[in-house]
Amino acid sequence: MAHLPERPRLGFFVSHRGSNMRAIFDACQDRRVRAEPALLISNNKSSAALAWAEEVSLSHINLCPTGAGSEEALDEAHLKALQNADVDLIILAGYMRKIGPLVLAAYANRILNIHPALLPKYGGQGMYGHHVHDAVIAARETESGVTVHLVDGSYDTGPIVDQTTVPVESDDTTETLAARVLKSEHSFFSETLTRIISGDIDLDSLR
Ligand code: GRF
């Protein structure tokens, strides 16, 4: 894969709230992350993420399988939108669908996802939102965390880029743990991006 440019253009995929995207956007504005937010793609036309993108004038598009006609057509539409926006690096932040084969091939080792636990534990289909934190508490873990990983054709299985830990307190509820992990996600994703863009982390060396 070609090296990332000095100031890579970011393409976000978000299904709902978009707080991680907003944290990265703010970090780019403050120059803590040397990147240019270029595009948001959402499968959910009612998402808070799309409403926010409209407010801040970030290019955005709602693409879903029903609108596109098929999964294949959706994959083609994703690729066209990403290429039209000159996206260099794709950020999945709360995107509830798999990425299609065309985009995976065109952006090999250039698609990142964030997961609110220490993968490979507590990942995979159905492990999202409160389900993750419920499972961590039920297993009486004393530590959870955040994982940034490369995306492949499955859920939460690509090579791990980096992880950080978050303590689980004995009186944690799903909500208190979720809030602590999300706070950590907001700083950790930007920090990891900075290390990728500076060359400190080489995405092409990850298997
Ligand atoms: C985050 O917890 C992220 O780890 C997971 O989905 C959630 C998205 O939250 N993949 P937000 O939309 O960024 O607020």
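Nothing here was measured: the structure is a model prediction, and the numbers come from that model.

Q: Please clarify how the overall build of the chain should be interpreted in this entry.
A: Each helix and strand counted, the chain has seven helices and seven strands in total. Taking 2.2 N^0.38 as the reference for a compact globule, 207 residues should give roughly 17 Å; the C-alpha atoms of the chain span a radius of gyration of 16 Å, in line with that estimate. Judged by the C-alpha coordinates and their principal axes, the chain covers about 50 × 40 × 35 Å. Looking at the chain as a whole, 47% of its 207 residues qualify as buried. Considering only contacts in the chain between residues 6 or more positions apart, those separated by 24 or more positions represent 66%. Positive and negative charge centroids in the chain, built from 18 and 27 side chains respectively, lie 2 Å apart.

Q: Is there a simple way to think about the site of the ligand in this case?
A: Near the ligand the following residues occur: R17, G18, S19, N20, G94, I114, H115, P116 and E185. In the environment of the ligand, an oxygen atom lies 2.5 Å from a nitrogen or oxygen atom belonging to the side chain of S19. Between an oxygen atom of the ligand and a main-chain N or O atom of P116, the distance comes to 3.5 Å. Within the residue set of the shell around the ligand, elements represented by two or more residues are α1 (19–29) and β5 (111–115). A class-by-class count of the residues in the shell around the ligand yields two nonpolar, five polar and two charged.

Q: Can you walk me through the packing of aromatic side chains in this structure?
A: How two aromatic rings sit relative to each other is given by the distance of their centres and the angle of their planes. One pass over the full model with this rule turns up two aromatic pairs. Seen in terms of ring centroids, F13 and Y95 are 5.0 Å apart; in terms of plane orientation they differ by 70°. Their pairing is edge-to-face. Here F13 is found in strand β1 (residues 9–13), whereas its partner Y95 is found in the loop between β4 (89–92) and α5 (101–106), with 82 residues between them in sequence. The same class applies to F13 as to Y95, namely buried.

Q: Just checking my understanding: could you explain the pairing of strand β6 (residues 143–150) for this structure?
A: A regular strand places its side chains on the two faces of the sheet in alternate fashion. β6 sits mainly inside the fold: seven of its eight residues count as buried. Sheet analysis places β5 next to β6, joined by four bridges and oriented antiparallel. By the bridge assignment for β6, I114 is matched with V148. In this structure, β6 lies alongside strand β7 (residues 160–167), joined through seven bridges in antiparallel fashion. Bridge pairing in β7 links G145 to T165.

Q: How should helix α2 (residues 48–56) be read in this particular structure?
A: Each α-helix turn comprises 3.6 residues. Residues three or four places apart therefore point the same way. A49, L50, W52 and A53 are the residues of α2 that are buried. End-on view of α2: buried residues confined to an arc of 160°, all on one side of the axis. Along α2, exposed side chains directed more than 90 degrees from the buried face belong to E54 and E55. The inward-facing, buried residues of α2 contact α1, β2 (36–42) and β3 (60–62). Residue S57 follows α2 closely and has a positive phi angle near 60°.

Conventions we followed
Residues numbered from 1 in each chain as written. Predicted model: local features only at pLDDT ≥ 70, side-chain atom pairs only at ≥ 80, totals over all residues. Heavy atoms only, no water. Helix = DSSP H or I, 4+ residues; strand = E, 2+ residues; numbered from the N terminus. Rg over C-alpha atoms; globule rule 2.2 N^0.38 Å. Buried < 20%, exposed > 50% of the residue type's maximum accessible area, 1.4 Å probe, protein only. Contact = heavy atoms within 4.5 Å. Lys, Arg positive; Asp, Glu negative; His and termini not counted. Charge placed at Lys NZ, Arg CZ, Asp CG, Glu CD. Near = heavy atom within 4 Å. Polar contact = N/O pair within 3.5 Å; in protein donor to acceptor, adjacent residues only side chain to side chain. Nonpolar A, V, L, I, M, F, W, Y, C, P; charged D, E, K, R; others polar. Phe/Tyr/Trp six-rings, centres within 6.5 Å; stacked < 30°, edge-to-face > 60°. Pairing = 2+ DSSP bridges. Arc of directions from axis to C-beta.

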